[in-house]
Amino acid sequence: MTATGRPSRFAVGTGLMLVMAAVVVATTACALMIAWLVAPGIFHEHLRQAGIDRDSSEAMHVERAFAAAVGVSWGLAAVIATVSALAVSWYLAGRAQRTVTAVAASTARIADGGYDVRVHGGGMGREFDALAAAVNRLAARLAETEATRRRMLSDLAHEMRTPLATIDSYLEAVEDGVRRPDADTMDILYAATGRLRRLAEDVTAVSQAQEGALSVMPVRTTDRALAESAAAAAGEAYAAKGVTLRVEAHAATAVRADPARIGQVLGNLLANALRHTPDGGAVTLRTRCADPHAVIEVADTGDGIASDHLSHVFDRFYRADTARDRDHGGSGIGLTIARALVEQHGGSLSAASDGPGRGATFTVRLPRV
């Protein structure tokens, strides 16, 4: 397709071949023309230096022999060079066209949902290899996105199914006269609709966070101040469950951050750690400097995370423990929002764990001032 949207008349290999042929023919013609214009003058000058009169019969025979030799040799050389160059051009153009055709066919399959397709550069050079690698990365990312989308839709359906089933069953019971629309019934119905409302709010929040639409107003502060503020806010919940919250705040490192948003991030990480740490366990909130970042870590001694779940803990609606329901395991978007907020600050959020039962560590990195 051309820039105007109309189909091109030639395939890329044909067009490349025609261009190469034009270059070869033009180069050969230029070489012949230059030889025709320059060679006689040089020849006559050598005859003069040899003492041969230009108008003599010897000079005439020598000149004819020279012209014949030059004409035959240059003509034969031009034909051989042109044929050889065209043959090499045809081979290279064919390879280029096969590679481009393979890439085009692969991208068409990717567009149709065939994300398992992979492309090879065809040995045409770094640029073709880079193009093939980019297409392969695109296919892999699209496959991951599609898997995430399907899982998210499945999780959304699962999250909605329970409150909707509750509403349906109670409304049917009221309609059949089995239950009366008393305060208890209305409380249950309000709880179910409230759960649906929170789900809708969660979906909106995570979409805004990942699109960078949440407002962030950074000010100059320190990692120590952010950590101590988050620990103070979570202290009561930790005391109620009997989990020890330790704060190891080293020398303060200056950062530019929105205290409310980073407080939301750390609050979510501390709540997540509390949820997965049994009574009598401990959670450590520590700060340290690792140029060019200020680092805040939340490390717990709780359930831990299996290695195959680590790469998904920040996915929307993902919960490593599928046995937990929404009321006990969270909605599965808190970590997604936390990572998006940290990235809006120019930082990063990562998770690490030695495996189930060995705790987990979430690390926030913010750029130093």
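In the annotation of an unreviewed UniProt entry, the chain is listed under the name histidine kinase and assigned to Gordonia cholesterolivorans. Turning to the chain, the UniProt record has this under Catalytic activity (unreviewed entry): "ATP + protein L-histidine = ADP + protein N-phospho-L-histidine." For the chain, the Subcellular location (unreviewed entry) comment in UniProt is given as "Cell membrane".

### Let's talk about the overall build of the chain
Along its length, the chain carries nine helices and seven strands. The buried share among the 369 residues of the chain stands at 32%. Long-range pairs, those at least 24 residues apart, make up 69% of the contacts in the chain between residues at least 6 apart in sequence. Of the roughly 21600 Å² of accessible surface on the chain, 59% is carried by carbon and sulfur atoms.

### So, the sheet that holds strand 5 (residues 293-300)
The sheet built from five strands is open, its strands ordered 2-4-5-7-6 with mixed pairing. Among the strands making up the open sheet, the edge pair consists of strand 2 (244-249) and strand 6 (348-353). The mean angle between the axes of side-by-side strands here comes to 15 degrees, regardless of whether they run parallel or antiparallel. Bridge count between strand 2 and strand 4 (residues 282-290): six bridges; the pairing is parallel. Looking across to strand 4, one finds that Thr-244 is bridged to Ala-282. Strand contacts of helix 6 (residues 259-275): strand 2, strand 4, strand 5, strand 6 and strand 7 (360-367), with the helix running at about 170 degrees to strand 7, the strand carrying the most contacts. Sitting on the sheet, helix 9 (residues 334-344) touches strand 6 and strand 7, and the angle it makes with strand 6 is about 135 degrees.

### A look at the packing of aromatic side chains
This structure, assessed with the given rule, holds one aromatic pair. Geometry around Phe-314 places Arg-339 over its ring, the cationic atom sitting 4.0 Å from the centre.

### Details of the packing of helix 6 against helix 9
Where helix 6 contacts helix 9, the axes come no closer than 9 Å and their chain directions differ by 145 degrees. Judged by the sense of rotation from one axis to the other, the crossing of helix 6 with helix 9 is left-handed. Listed contacts from helix 9 to Arg-261, Gln-264, Val-265, Asn-268 and Leu-269 of helix 6 are Gly-334, Leu-335, Ile-337, Ala-338, Leu-341 and Val-342. Taken together, the residues of the contact of helix 6 with helix 9 break down into seven nonpolar, three polar and one charged.

What counts, and where the lines are drawn
Within each chain, residues carry numbers counting from 1 in the order of the written sequence. With the structure being a predicted model, the display of local features is reserved for residues of pLDDT at least 70 and the display and counting of side-chain atom pairs for 80 or more, all residues being used for whole-chain, interface and lining totals. Heavy atoms from the whole structure form the basis of all side-chain values; hydrogens and water molecules are not counted. UniProt positions are given in the numbering used here, feature names are shortened, and annotations may be inferred rather than shown by experiment. Secondary structure elements are defined from DSSP: runs of H or I of at least 4 residues count as helices, runs of E of at least 2 residues count as strands, and each element is numbered from the N terminus. Working definition: with a 1.4 Å probe on protein chains only, accessible area under 20% of the residue-type maximum means buried, over 50% means exposed, and in between means partly exposed. For this analysis, residues touch if any pair of their heavy atoms sits within 4.5 Å. Computed with a 1.4 Å probe, the accessible areas rest on the Shrake-Rupley method; for each residue, only the protein chains presented here act as cover. Strand pairing is assigned whenever DSSP detects at least two bridges linking the two strands. Fitting a line to C-alpha atoms yields each axis, with helices limited to the stretch in contact; the angle taken between N-to-C directions then spans 0 to 180 degrees. Each Phe, Tyr or Trp ring (for Trp, its six-membered ring) is paired with any other whose centre lies within 6.5 Å, and the angle between the two planes then decides the class: stacked below 30 degrees, edge-to-face above 60, tilted in between. Only lysine NZ and arginine CZ atoms are considered, and such an atom sits over a ring when it is within 6 Å of the ring centre and within 35 degrees of the ring normal. For any pair of crossing helices, the crossing counts as left-handed if the nearer helix is rotated counterclockwise from the farther one by less than a right angle, and right-handed if it is rotated clockwise. Residue classes follow a fixed rule: Ala, Val, Leu, Ile, Met, Phe, Trp, Tyr, Cys and Pro count as nonpolar, while Asp, Glu, Lys and Arg count as charged, and any other residue, Gly among them, counts as polar.

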